[in-house]
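Architecture at a glance
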Amino acid sequence: MVRLIGKNKSVLKSAGSVSAGNKSVSDLLTLFEGLATAGSITGVWNMNELYNSVLNSDWIDDQTASTARAQSGGTMTVNSVDLQSYDYTYIGGNENITSFSNGNYFTSTEDSRSALIYVDGDLTIASGQTFIPSNRKLFTAIYVKGNLDVDGTISMSSRGANHSPSGSPHPNSRIQIIADGTYSSVPNPHIPAGGGSGGAVSTQAYSQSDQAGNDGAANTAGGTGGGGGGGAGVGGNNNSSYSGTCKGGAGAQGTSFSGGPGGGGATDLTSPGTLNADRTGSNGVDKGGAGGAACTQPSHYHAHGGSGNPGGQGHGAPGADPSQNGNAGTGGVLIIYVEGNYTGSGDVEAKGAGGNGEGGASGGGTVTIFVKGTDSGPTPSAAGGAALGSAIDGATGGVGGAGTARKLAYT
Amino acid sequence: MATPNLVNVTSITPFTIAGAVTTSNVDIIDVAADKTRKVNSIIVSNVDGSSSATVSISVSVDNGSNYYHLAKTVAVPADATLVVLDKNSQIYLDETDLLRIVGSANNDLEYVVSGEILDDA
């Protein structure tokens, strides 16, 4: 048997490495697969040496790269589509999250970057823990080399990016998340550039005819949901002699990086019967922008802004009223790859933000979980925001459209 | 047919067998009647070049009804060699006994098994 004379056999072991920087790849999974390189062990080993190595967590599966917490990676071009910059976290072993800390996985950069998390081992989210970035991201993608157990929550709810001119401008962009093919009967799964349509401008409300906001459209083809439209209220339960009239704003379409923001609500009790601009709610801002502002002159009432990034400005009869603002957030984009088994009884979600009063809710995000091993883990959800109530009579804002939520097998 | 008496063997001949490990269980030694095989070494090499693979090696002393492991899903790194058994832990296999091997990937691993055949026929 070959023996090494006068040399410690540890030299035959080499740790893995991480290679961040600017990336141009065919799909997101390929990017992950090339992000970290496994270490190696060469030479001849007997069972006693193997036993000691395993005992000391120093055999082949332990030859990972050193853990590197959240940091800037580089730029990312996927299938010839510019997806801006990314941050990454590499964890060289098993990770059991019993006390989530944002800085361990995410930078504080908002809107302009995606977050990639590579776990070179098993990932466990303990019950009661929520794995969610504190700041909005273009998308979050998690690659688990081992098993993923979710007993808590992995979330991109209300973390869709504002990539409108008021945020970090970037066009809607198709995200190639895996090589083309059919996965669990879904052909060529990807995140489309455009998601569900926003709820349309409401029907004009007048006299006692309050108008609910129109709902955002769902997307089941990988995309996010559209924002709900704003409602229009003229006091449907009041005296019919009042001549108010108004109109709620439209919700915005969902995008590859965000559910659609909701439209602003509108209320009016006693205006002269003509629809003025100040009795009209604003539209939700496209590309994950702000929720639509409420109409600026809600006579005798207040009106709520739509939900978005940030929530649309609310107004009372005397002027701007922050307490009537829409809620902050749109559904975000979440992609997970599990090389091992997927288990747990928790939640994986990317929901939109609920709508206040007449304000439209924001659209749901999109979640795709690829599982290579066995799958008994939580079914994901990308529900649109609900209508949270407190609207004038029947002028409730529209709900957000649901985005795509799916589990797909891959090999 | 009986277990050979090592005092009365008529011949002792060396043997070496080798081959590729597959993902199917294969009995690489099946001891013939009136024979005993003394296994001196079992060496498994990973020839894949990039991927680790696991190997399981087991024996049966009841003609295949039950198998018991010498090694079970032990990872052999790429380009590394594992000496599963050497002269410090050599074993005898009696007539009808079996030695079985299986891997996690086809043809990533190769085995070499060497020892002696003791015959009292």
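The present account deals with the structure reproduced in this document. (Residues numbered from 1 in each chain as written. Chains lettered and ligands numbered in written order. Predicted model: local features only at pLDDT ≥ 70, side-chain atom pairs only at ≥ 80, totals over all residues. Heavy atoms only, no water.)

**Focus on unusual backbone geometry**
Negative phi is the rule for most residues except glycine; trans is the rule for most peptide bonds. This is how it is decided: Under the DSSP-based scheme used, a helix requires at least four consecutive residues in state H or I and a strand at least two consecutive residues in state E, with every element numbered from the N terminus.
Residue P310 of chain A follows N309 of chain A across a cis peptide bond; omega there is 0°. Within the element layout of this structure, P310 of chain A appears in the loop between β22 (302-303) and β23 (315-316). Phi angles above zero are rare outside glycine, and T73 of chain B is one such case at about 40°. With respect to the helices, strands and loops of the structure, T73 of chain B is situated in strand β5 (residues 68-76).

**Description of the sheet that holds strand β12 (residues 130-131) of chain A**
What counts, and what does not: A strand pair is defined by DSSP finding two or more bridges across the two strands.
Ordered in space as β12-β15-β27 (chain A), the 3 strands form an open sheet in which the pairing is parallel. Edge strands, defined here as strands with exactly one partner in the open sheet, are β12 and β27 (347-349) of chain A.

**Quick word on the environment of G194 of chain A**
All names here are of chain A. Spelled out, the test is: When accessible area is computed with a 1.4 Å probe and restricted to protein chains, residues below 20% of their type maximum are described as buried, those above 50% as exposed, and intermediate ones as partly exposed.
Position of G194 relative to the elements: it lies in the loop between β17 (186-187) and β18 (205-206). The partly exposed category is assigned to G194, whose relative accessible area is 29%. It is 30 Å that separates the C-alpha atoms of G194 and L148, two residues lying 46 residues apart in sequence.

**Considering the interface of chain B and chain A**
The line we're drawing: By definition in these notes, contact holds between two residues if any of their heavy atoms fall within 4.5 Å. Accessible area, probed at 1.4 Å, shrinks when two parts are joined; the buried area is that loss added up over both. The salt bridge criterion pairs a side-chain nitrogen of Lys or Arg with a carboxyl oxygen of Asp or Glu, the two atoms within 4 Å. Any N or O atom pair separated by 3.5 Å or less is treated as a polar contact, with the protein-specific requirement of one donor-capable and one acceptor-capable atom, and with residues adjacent in sequence counted only for side-chain atom pairs. Put simply, Ala, Val, Leu, Ile, Met, Phe, Trp, Tyr, Cys and Pro go in the nonpolar bin, Asp, Glu, Lys and Arg in the charged bin, and everything else, Gly too, in the polar bin.
Facing the 13 residues of chain B at the interface are 11 residues of chain A. Considering only the side of chain B, the residues that lose the most area to chain A are P77, T81 and V83 of chain B, jointly responsible for 42% of the buried surface there. The interface formed by chain B and chain A contains 0 salt bridges. Scanning the region where chain B abuts chain A turns up 5 residue pairs in polar contact (both at pLDDT 80 or more). Secondary structure elements with two or more residues in the side of chain B that touches chain A: β5 and β6 (80-85) of chain B. Broken down by element, the side of chain B that touches chain A gets its largest block of residues, 5 residues, from β6 of chain B. Tallied by class, residues from the side of chain B that touches chain A come to 10 nonpolar, 2 polar and 1 charged. Relative to β6 of chain B, strand β6 (residues 43-46) of chain A runs parallel, the two being bridged by 4 bridges.

**Overview of the layout of surface pockets**
Residue and element names in this part refer to chain A. Defined as follows: Grid points spaced at 1 Å and placed over the protein atoms alone form the basis of the search, with a cavity being a set where a 1.4 Å probe fits but cannot get out and a pocket an open set showing protein on both sides within 12 Å along at least five of seven lines. Lining residues have an atom within 4 Å of a point. Grid points are joined across faces, edges and corners, and a volume is the space filled by probe spheres set on the points.
In this structure, the largest pocket spans a volume of roughly 540 Å³. Residues belonging to the lining of the largest pocket are distributed by class as follows: 8 nonpolar, 11 polar and 3 charged. What the second largest pocket holds in volume is close to 180 Å³. Lining the second largest pocket, in full, are D61, D62, T64, G92, G93, N94, D120, G121, D122, K145 and G146.

**A closer look at helix α1 (residues 28-35) of chain A**
Residue and element names in this part refer to chain A. Stated formally: As used here, the arc belongs to the directions running from the helix axis to the C-beta atoms.
Of all the residues in α1, the buried ones are L28, L29, L31, F32 and L35. The buried side chains of α1 occupy one side of the element, clustering within an arc of 155° when seen end-on. Near the N-terminus of α1, the side chain that reaches the backbone nitrogen of L29, with its oxygen 3.0 Å away, is that of D27.

**A word on the pattern of salt bridges**
Tallied over the entire structure, the rule returns 15 salt bridges over all chains. We note a salt bridge from R279 of chain A to D278 of chain A, for which the minimum N-O separation is 3.3 Å. Overall, the relative accessible area of 25% leaves D278 of chain A in the partly exposed class. For K35 of chain B, the salt bridge identified is with D119 of chain B, shortest N-O distance 3.2 Å. Of this pair, K35 of chain B sits in strand β3 (residues 35-46) while D119 of chain B sits in strand β9 (residues 109-119), placing them 84 residues apart in sequence. K35 of chain B sits in the partly exposed class, given a relative accessible area of 23%. Residue class for D119 of chain B comes out buried when judged on its relative accessible area of 13%. Here the salt bridges do not stand alone but share partners, grouping E110, D111 and R136 of chain A into one network.

**Description of the packing of aromatic side chains**
Residue and element names in this part refer to chain A. Condition: Any Phe, Tyr or Trp ring, taking Trp's six-membered ring, that has another such ring centre within 6.5 Å forms a pair; planes under 30 degrees apart are called stacked, those over 60 apart edge-to-face, and the others tilted.
Applying the stated criterion across every chain, the model contains 14 aromatic pairs over all chains. Aromatic side chains F100 and F131 sit 5.4 Å apart centroid to centroid with 65° between the ring planes, which places their arrangement in the edge-to-face category. Remark: F131 occurs in strand β12 and F100 occurs in the loop between β9 (95-97) and β10 (113-119); sequence separation between them is 31 residues. Following the ring pairs from residue to residue traces out a cluster consisting of F32, Y90, Y118, Y143, Y183, Y337, F370 and Y410.

**Points about the nonpolar core**
What counts here: Here the nonpolar core consists of buried residues drawn from Ala, Val, Leu, Ile, Met, Phe, Trp, Tyr and Cys, with membership extended through side-chain atoms lying within 4.5 Å.
If you look at the biggest cluster of nonpolar residues, it comprises 34 residues, and the most contacted ones within it are L28, F32, M76, L116, F139, I335 and Y337 of chain A. Listing elements by their share of this core, those giving two or more residues are α1, β7 (68-78), β8 (81-91), β10, β13 (140-144) and β25 (333-338) of chain A. Top element by residues in this core is α1 of chain A. It accounts for 5 residues. With 33 residues, the next largest nonpolar core counts W45 and I60 of chain A together with V31 and V74 of chain B among its residues.

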